[in-house]
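So you can see what is in the structure, the chains are spelled out below.
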Amino acid sequence: MVTVSRCDYCKAHLESSEHLFLTCPFAKHIWQWLSQTFRKPPDLSSPKDLIASISHSISRQAQNVMISAIIKSLCFLWRTQNLARFHNGSRSFQ
């Protein structure tokens, strides 16, 4: 028997890395907040494009802060997905 995993948050899409990290409404909320914080919308075409969308016209320190924020956001999305799935938790923006 084959079971298909659905997104634990939106329950509307098949689970995939792209959905979990980029296109799920929960993930989009995170990226929207981050883009408002940095005043630059990220390229959500792929994880690679997300990192590549960091402007090279800003200081190296600012680039490192943005990279750190993206990595932390990806870790947060992964962690909340696992909490929802394996610990019967819910995803929350708090």
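The structure this text deals with has already been given above.
If you're wondering where the values come from, they're calculated on a predicted model, not measured in any experiment. (Residues numbered from 1 in each chain as written. Predicted model: local features only at pLDDT ≥ 70, side-chain atom pairs only at ≥ 80, totals over all residues. Heavy atoms only, no water.)

(A) Geometry of empty space enclosed by the protein. Under the criterion given, the structure shown has 1 cavity of 30 Å³ or more. By volume, the largest cavity amounts to about 100 Å³. Trp-31, Leu-34, Ser-35, Phe-38, Lys-40, Pro-41, Pro-42, Leu-50, Ser-53, Ile-54, Met-66 and Ile-70 are the residues that line the largest cavity. When residues of the lining of the largest cavity are assigned to their parent elements, the largest contribution, 4 residues, is made by helix α2 (residues 25-38). In the lining of the largest cavity, the residues fall into 9 nonpolar, 2 polar and 1 charged. (1 Å grid on protein atoms, 1.4 Å probe; cavity = no way out; pocket = protein on both sides within 12 Å on 5 of 7 lines; lining within 4 Å. Points joined across faces, edges and corners; volume = space filled by probe spheres on them. Helix = DSSP H or I, 4+ residues; strand = E, 2+ residues; numbered from the N terminus. Nonpolar A, V, L, I, M, F, W, Y, C, P; charged D, E, K, R; others polar.)

(B) Geometry of the packing of aromatic side chains. Scanning the model with the defined rule gives 2 aromatic pairs in all. Taken together, a centroid distance of 6.3 Å and an interplanar angle of 25° make the contact between Phe-21 and Trp-78 stacked. In this pair, Phe-21 sits in helix α1 (residues 17-23) while Trp-78 sits in helix α4 (residues 60-86), placing the two residues 57 residues apart along the sequence. Relative accessible area serves as the criterion here: at 15%, Phe-21 is assigned to the buried category. Here Trp-78 falls in the partly exposed class, since its relative accessible area comes to 47%. (Phe/Tyr/Trp six-rings, centres within 6.5 Å; stacked < 30°, edge-to-face > 60°. Buried < 20%, exposed > 50% of the residue type's maximum accessible area, 1.4 Å probe, protein only.)

(C) How the structure looks around the state of the cysteines. Throughout the structure, instances matching the rule amount to 0 disulfides. Cys-7 forms no disulfide, and the closest cysteine sulfur to it belongs to Cys-24, at a distance of 3.7 Å. (Disulfide = S-S within 2.5 Å.)

Purely geometric stuff here, so don't read any function into it on its own.
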